[in-house]
Amino acid sequence: MIDRFKLLYEDVNKDYLALNPNLTPEQIDLLYQTKGVDKETLAAMTKLTNEQFMRFFNDEGFNKDNLTYNDYLT
């Protein structure tokens, strides 16, 4: 089976990948660690685990207001 995310990861602007609300936790972690990815978009558009939410929340360079746009917050 072809891993389409990995194929796209190599060839497209990573900010476009961050817009996908169906990313897996592993894909979110990879994008979070990728230099230049818009973390605000990633935090607002994806379903975050508790650990990922806290990582964004505790990131001093991150605007926490962006977490409020996340439709997956409970």
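You'll find the structure just up there.
Predicted model only: the values in this text are computed from it and were never measured. (Residues numbered from 1 in each chain as written. Predicted model: local features only at pLDDT ≥ 70, side-chain atom pairs only at ≥ 80, totals over all residues. Heavy atoms only, no water.)

A look at a nonpolar patch on the surface
Alright, step 1. A contiguous nonpolar surface patch, about 310 Å² in accessible area, is contributed by Tyr16, Leu19 and Met45.
Alright, step 2. By the element assignment, Met45 lies in helix α4 (residues 39-45). (Patch = residues over 30% accessible without salt bridge, like charges linked within 9 Å, V, L, I, M, F, W, Y side chains within 5 Å. Areas by Shrake-Rupley, 256 points an atom, 1.4 Å probe, with all protein chains shown as cover. Salt bridge = Lys/Arg side-chain N within 4 Å of Asp/Glu carboxyl O. Helix = DSSP H or I, 4+ residues; strand = E, 2+ residues; numbered from the N terminus.)

As for helix α3 (residues 25-33)
Alright, step 1. If you check which residues of α3 are buried, you get Gln27, Ile28, Leu31 and Tyr32. Burial along α3 is one-sided: seen end-on, the buried residues are contained in an arc of 140°. Turned more than 90 degrees from where α3 packs its buried face, Glu26 and Gln33 sit exposed.
Alright, step 2. Along its buried surface, α3 packs onto α1 (4-11), α2 (14-18), α4 and α5 (50-58). (Buried < 20%, exposed > 50% of the residue type's maximum accessible area, 1.4 Å probe, protein only. Arc of directions from axis to C-beta. Contact = heavy atoms within 4.5 Å.)

Some points on the nonpolar core
Alright, step 1. Counting residues in each nonpolar core, the largest one holds 15 residues, and the members touching the most others are Phe5, Leu23, Leu31, Leu42, Phe56 and Leu67.
Alright, step 2. Within the residue set of this core, elements represented by two or more residues are α1, α2, α3 and α4.
Alright, step 3. The element best represented in this core is α3, accounting for three residues.
Alright, step 4. Beyond its immediate chain neighbours, meaning those up to four positions away, Leu31 contacts Phe5, Tyr9, Lys14, Leu17, Ala18, Leu23, Val37 and Leu42. (Core = buried A, V, L, I, M, F, W, Y, C linked by side-chain atoms within 4.5 Å.)

Describing the pattern of salt bridges
Alright, step 1. Scanning the model with the defined rule gives two salt bridges in all.
Alright, step 2. Across the pair Arg55 and Asp29 runs a salt bridge whose closest N-O atoms are separated by 3.0 Å. Of the two residues, Arg55 sits in helix α5 while Asp29 sits in helix α3, which places them 26 residues apart along the sequence.
Alright, step 3. Accessibility expressed as a relative area gives 24% for Asp29, which makes it partly exposed.
Alright, step 4. Where Lys39 meets Asp59, a salt bridge forms, and the shortest distance between an N and an O atom there is 3.4 Å. A residue pair is termed long-range when its members are at least 10 positions apart, and Lys39 in helix α4 and Asp59 in the segment after α5 qualify at 20 residues.
Alright, step 5. By relative accessible area, Asp59 is classed as buried at 16%.

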